[in-house]
Structures are given as structure tokens and as C-alpha cells.
Amino acid sequence: MSEPTPTGPPPPPGPSNTIDLTGGSDEDPELPSSGAETSEDEHESGPSTLQDKGKTTKRSKLNNLRKKILKPEGVPNHLVDTVLDQVREEHGEEAANAVSRDQIREMLAAMKIKDVAKGNVGIGGMNKKDMGAHKFWSTQPVSQPTQSAEEGPIDPAVPASQVRQEPYPLPKEYEWVDCDLNDPAELKDVQELLSLNYVEDDDASFRFNYTGEFLAWALKPPGYQKSWHVGVRVASGKRKLVAFISAIPMTLRVNGVNLKTSEVNFLCVHKKLRSKRLAPVLIKEITRRCNILGVFQASYTAGVVLPGIIGTCQYYHRALNPPKLVETGFSHVPRTSTLGRQIRLADVPRGSVEGWREMERRDIPQVGKLVRAFLARYQIAPIMDDEEIAHVFLSGRGTEDGKKRQGQVTWAYVVENPTTKKITDFLSFYSLPSTIVGNLKYPVLDAAYLFYYATDAVLPSDYASQSTLPPPGLEKDAALRTKLGDRLKKLVEAALRVAKAANFDVFNALTLMDNNLFIQDQRFKLGSGFLNYYMYNYRVRDEIPGGLNGVDSSGVGLVML
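Since we're looking at a predicted model, the values are computed, not measured.

Asker: Help me understand the pattern of salt bridges, please; the structure alone is not making it clear to me.
Answerer: Any two side chains of opposite charge can pair if their charged atoms end up close together. One pass over the full model with this rule turns up 22 salt bridges. The partner of Arg 362 in a salt bridge is Glu 416, and the shortest N-O contact between them spans 3.8 Å. Residue Arg 362 is located in the loop between strand 9 (356–358) and helix 11 (364–375), and its partner Glu 416 is located in strand 11 (residues 410–416); the two are separated by 54 residues in the primary sequence. Given the relative accessible area of 54%, Arg 362 is considered exposed.

Shown next, in the form of C-alpha cells:
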């Protein structure tokens, strides 16, 4: 299976919410150095180090231009007026008054970002590329953007005996290793490599801070393969870990077809070795290892443009601690507002949802049926059995009681009918903090990310006993859409109360699933980060909607870490 530039996680929290591919650190004396600059294709296949000052300055200017153009404030007034006139003409004055000019600006900005994300347009010559410019990806079985054919595998599956048996060659200074994540020392090596070399924001101010608990939870689901935790070490001396890529097994439903796939994630090469072109070799090696075990399709995500995008989602952020967010540079106070007003807007209303409580092991059978039925509504979503439900939502709970347990990664809650004891709703989120580089007062930004949720509000009353799951698209029914939106608003508001009480600074969400039904009401603000979804060795005929207009539900029901 294959993996582009840092994949899986969202862009780290930061003023621009974009991935920094420049950065670097002092030369590690153990790492063989190279003065060669990274090629353009390496930039697409793995993070690059741009050592030339002129190139770095040019990239910085283009990033600033991108931020300016793609912000809602950059949308001209005449475009907003045009949209309002069309709404007024087609739906009446009342409908036009129901939407604000700021909401229209945000939606138009999202549409522009969608074009940039797909490479249909470029800013300052950046981003727009045809297949021929992707030297590595043009050799891989990914769906061409202009192809029109039936859905299904691009290359056929073959017996294990026909798969390459030997690992791909590495430069002589390095060697392949299987990373044993049950060994605390090896888990720490992976943690340190990712935390120091994986994903940063454009200004290198925020860097994901992966904990050992997070990686153990993310990379050791039921049925995981140690051989899919692939590392590269220096062959001599202290045998430093300098590169990593992973895959985990997943049953994925894509447009009604159940696929045995892997989810590929955490492609990372040490900053000082990116001219060695290890990224394409890592991708080919994880592909080989998956193929040997009979897995020939994979899902992956990236914030950059690669061939074969099947859907794109946008990030939204809900402030919980505005003073810290402003002081650390994560966000700013609008010219027309004050910090005091931002603090008031970030307050979460008091209240409660009857039957709301933390998920327990006894809930697994009910939660499993509810989640499977709810996720069947989306065009792409995982199919989790009860063992996977237990791992994904309960294994990361931490070890101590309190508002925020020691080592807690996941928060999972259910709503139980007090009379029937039936679980009607489920919601989860996870923690992924970021290091704030060089900030002694605030060394860490605590961020919560909305994970999976489910509700019976749009499911048939006998969904738990049905052998066939409900078809996609229930949210298109106006009455069901309103019912679903009302239920989700209450659930997310309850989750925000939990997150605020646990001292999270910000709550992040993508425009996937049905998130657009509550994002505006719960005061999430549009971010500039977007996430592209990809399938390896599987052609999806039509693009899966990612909710980029800020209104419609998405066909994406897959949340990648």
C-alpha cells in the first residue's frame, strides 16, 4: 500500500493549518549527511528539506499569498452579493436573511480551497501539477484524475508466491527493521522520530506531540501485523531510527463494496535524510509486505495534492481557551472584536443530555450495532466488529480516574434511554496535543479531535435486527436531516462541555460525516487546512463529496488519525 507526504493526521494546529515541508535541525553527528537537494518528486513522496535560502524565501511569500487569497476575508463583496441575490430570487427574502454574509464568505473560500486542493488551480505557480509531474506516483496503481471507468481494483491480486519475497534495497548505511511497539524502548524511538520530524505548521511553531499511549492505540488494533510497522535504522553505531511507515488492517466499505484493506499512515523520514529518497522505497516496501499477506488495496490521506483524490474535507476549529490560543499564535482576535468577546463566544452553554454517560464494556454489543448501521450511510466508511469497537473506543481510556486520566487518548460516551436501557446515541473524540516550539509558558497545546459518532435518529426502528443495512443518503430527506441535525447539536455540545472540563484548548473537526449540520451552531470556525482522501489500487469512479460547501452532509465516513 502506499503513502504520500505525512499522511493520516490533520495539519497540526497553527495559524495557517498547513504542513511545513521545509524545517530542519542541527546535523545529527550519527546520520550520514548529504549536500544534495531534494528533487521535486521527493517533495511529493516524502517531506523535503529546502536548504537554499532563496527557495525558502520564495516559498514563504507564496504561503503568505495563499493564506491571504484563501481566507474568507479575501472573498470580494460582489461575489457575496451575487450569492445573496440568487438565494433571494430562488427561495425568497426570508431565506436570504437566514444566512449571514460571513457564512457565504466562508463557503466561497472553501470552494476556492477545494480547487487548490485538487490541483485545478495554482497560487503563484504552486500546487497545480499534472500526472507527468509526479514521477513516483505516475508509476503506481492510483486512479488518474481524468480516467472514466468502472469502479474496482486497478491491478489484480496475485498469490503470495508471485509477490517479491526480498525487501527492497536500501543505501548501504541503513537497514530494515520491524518495530516492536510492545518494547518500550522501540516505541519510544518511533515516538521521538515522529514528534521531531513528522508534521509541523508553516511557521514551525506547532508540532504534533505523539505519546506512546497514542501510538500503541493507533497502531495495535485487533489483527495488527508487526511486520507492517516498518522502520529504517542506521546500520552501525547506536542504530538510530531514521525512517518509519505503518499499516493497519481494515475492512472498508466503498460505495457498497466491502474491501479487505490496510490503512497506511505515519510515513516519516528524518529531516536530514530526505535527499536520500527513502520515502518511495518505504512506500514500495509497505506495499510488498501487505501484498504478501493478501492485502492489495489501501486508504491514505494527505494535505498535499497527489494523483487520485477521491474526496476532500476541510478543517474547522472550536476555541475552548481563547487567551491561550491568541497568545500562542494559534488564532487572533478579529479587528472588529475583543478578547473578552472571544472568551464569551467560546463559552459552552450549561446543560445536560438525559442518559449521557461514559461508554462501558457492557455497551459494546449495542454500540457496535449502532455504529455499523450509522456508518453504512456513507460512501466510504470502516466496518468494525465488536472486538474493533472495544479497541478503538475503550483501549485508550487511560489508567486513572479524573477529568483527564493518565495517558488517556480517547473519550467515548453513550446516551442510554433510562426506561428501555437502549443506547440511542454514541459520540467519541481523541486527544492529540502539539508541542508549541520555544514557548516556555505554554509548551503544549491540548487539542481534541472529533472522532466517530452515531445516532438512531435517522435509522429504522429495527436496524439492530436487520440483515441488510440502511442505504446511503438518508440525510437528504429534509425532515430526517432536521432531526439528525438537532440530535447532533446536543451531542456535540455535551462533548464540548466534557472537553472544556478536561482543559482542552481547542476542539477540531473535519467536514466529513454529518458535521456540517452542527458546525455553525456550535461556533466552529473555518480553518485553512484541508485533507485529501486517496485509495491505492482501487478506482472510485466519482468523487465522494467532502462537505466543502459547509452545508451538505459528506459521503466520507472514514476518520483517519
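Asker: Help me understand the sheet that holds strand 14 (residues 444–445), please; the structure alone is not making it clear to me.
Answerer: Consider a sheet: its strands pair through backbone hydrogen bonds, and that pairing is either parallel or antiparallel. With antiparallel pairing, the three strands of this open sheet are ordered in space as 3-13-14. Each edge of the sheet is formed by a strand with only one pairing partner; in this case those strands are strand 3 (206–208) and strand 14. In this structure, strand 13 (residues 434–436) lies alongside strand 14, joined through two bridges in antiparallel fashion. Along strand 14, the bridge assignment pairs Thr 435 with Val 444.

Asker: Just to check I follow, could you spell out the packing of aromatic side chains for this structure?
Answerer: For the coordinates displayed, the defined rule picks out 29 aromatic pairs. Seen in terms of ring centroids, Trp 411 and Phe 504 are 5.2 Å apart; in terms of plane orientation they differ by 75 degrees. Their pairing is edge-to-face. Linking Trp 411 in strand 11 with Phe 504 in the loop between helix 13 (478–501) and strand 16 (506–510), this pair joins segments that are 93 residues apart in sequence. Residue Trp 411 is classed as buried on the basis of its relative accessible area, which comes to 1%. Under the relative-accessibility criterion, Phe 504 is labelled buried at 2%. Here the aromatic cluster, defined as three or more aromatic residues joined through ring pairs, consists of Tyr 198, Phe 208, Tyr 210, Phe 214, Trp 217, Phe 266, Phe 393, Phe 426, Tyr 430, Tyr 449, Phe 451 and Tyr 452. When the ring centre of Tyr 168 is taken as origin, the NZ or CZ atom of Arg 164, which lies over that ring, is 4.3 Å away. In this structure, Arg 377 packs its charged tip against the face of Phe 374, placed 4.5 Å from the ring centre.

Cut-offs and rules
- Residues numbered from 1 in each chain as written.
- Predicted model: local features only at pLDDT ≥ 70, side-chain atom pairs only at ≥ 80, totals over all residues.
- Heavy atoms only, no water.
- Salt bridge = Lys/Arg side-chain N within 4 Å of Asp/Glu carboxyl O.
- Helix = DSSP H or I, 4+ residues; strand = E, 2+ residues; numbered from the N terminus.
- Buried < 20%, exposed > 50% of the residue type's maximum accessible area, 1.4 Å probe, protein only.
- Pairing = 2+ DSSP bridges.
- Phe/Tyr/Trp six-rings, centres within 6.5 Å; stacked < 30°, edge-to-face > 60°.
- Lys NZ or Arg CZ within 6 Å of the ring centre and 35° of its normal.

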